[in-house]
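In case you want the letters, here they are:
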Amino acid sequence: MKELQERIMRDGKVLSESVLKVDSFLNHQVDPQLTMNIGQTFAELFKDEGITKVLTIEASGIHFAMATAFALGVPFIYAKKKKAITLSEEVYAAPVHSFTRQETYQISVSRQYLSAEDRVLIVDDFLATGAALIGLTQIIKESGAHTVGIGAVIEKSFQEGRGLLEQTGIRIESLARIKSMSVNHMEFIEPATS
Ligand code: G4P
Ligand code: NA
Ligand code: NA
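In what follows, the accompanying structure is described.

Calculation rules
Residues numbered from 1 in each chain as written. Chains lettered and ligands numbered in written order. Predicted model: local features only at pLDDT ≥ 70, side-chain atom pairs only at ≥ 80, totals over all residues. Core = buried A, V, L, I, M, F, W, Y, C linked by C-beta atoms within 7 Å. Buried ≥ 20, exposed ≤ 12 C-beta atoms within 10 Å, placed from the backbone. Contact = placed C-beta atoms within 7 Å. Near = placed C-beta within 6 Å. Helix = DSSP H or I, 4+ residues; strand = E, 2+ residues; numbered from the N terminus. Nonpolar A, V, L, I, M, F, W, Y, C, P; charged D, E, K, R; others polar. Expected span 1.5 Å × (residues − 1). Arc of directions from axis to C-beta.

Ranked by internal contacts, the top residues of the largest apolar core, which has 53 residues, are Val54, Leu55, Leu121, Ile122 and Leu136. When near neighbours in sequence (up to four residues on either side) are disregarded, valine 54 contacts Ala65, Thr68, Ala69, Leu72, Val74, Phe76, Leu121 and Val123.

Okay, here's the thing in structure tokens:
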């Protein structure tokens, strides 16, 4: 997505070889027009898939899931994060290990909102190690629903997430794929999807 790549080049800050700060427009302060355009782009890419729900994880996936679900005319769900591993019969749950925070937390979705009839599109801000996204695929699997695909706003292609998720055969669409980056350099994998 050209608009997104240009915005990353203009306003993104590379903090290290692996961390990109985009909190002036994407995940702290948010540009609503860009967000809606991202949702429209995901909706266009997956429009023929019979999607019934969009699924993300709190916090910084929520506005992208909202924009995508709005464009598709379906509800969205955000998985909740909890530190305590309290298992409950009312939720589907999966453990996620955060490499940045060096902790394992649990993500959960109420059983009320996902079932075997659902066709689910996962949306998130970053595809990095893939840990959170794999957790979301486990939740969908547990519910008996079908994972139609994953829409990632920014993919750091040099990290292992895409490779891990490709092994599951799930379709992945990333709107900006960063091949490599450093403080004064950024290279995208071309062509960007759409
Ligand atoms: P993922 O690939 O499945 O997203 O999982 P990973 O464990 O690698 O990412 C951990 C968290 O860090 C995620 O946020 C992810 O969005 C975020 N993240 C990964 N790489 C970057 C980066 O380069 N820049 C920024 N700004 N964030 C990055 P989260 O745990 O879901 O937390 P939240 O911020 O959504 O609340
Ligand atoms: Na996230
Ligand atoms: Na994040």
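Text resumes after the structure shown.
The next thing to look at is the site of ligand 1. In the vicinity of ligand 1 there are 24 residues, among which Ser60, Phe126, Ala128, Thr129 and Ala132 approach most closely. Secondary structure elements with two or more residues in the shell around ligand 1: β2 (20–21), β7 (119–127) and α4 (131–143). Tallying contributions element by element places β7 first for the shell around ligand 1, with four residues. Partitioned by chemical class, the residues of the shell around ligand 1 number twelve nonpolar, eight polar and four charged.

This part covers helix α2 (residues 32–45). For the α-helix, the turn length of 3.6 residues means that residues three or four positions removed from each other point alike. Look at α2: 20 Å from first C-alpha to last across 14 residues, which is about the 20 Å you get at 1.5 Å a residue. Those residues of α2 not exposed but buried are Ile38, Gly39, Thr41, Phe42 and Ala43. Looking at the buried side of α2, the elements it contacts are α1 (2–11), α3 (62–72), β7, β8 (146–156) and β9 (172–182).

Time to look at α4. Relative to the 18 Å expected for 13 residues at 1.5 Å per residue, α4 spans 19 Å between its end C-alpha atoms, a close match to the ideal helical length. Within α4, burial applies to Ala132, Leu133, Gly135, Leu136, Ile139, Ile140 and Ser143. The arc that holds every buried residue of α4, seen down its axis, measures 155°, which confines them to one face. Two residues or fewer past α4, glycine 144 is found with a positive phi of approximately 85°.

Spatial relationships are all this shows, so hold off on functional conclusions.
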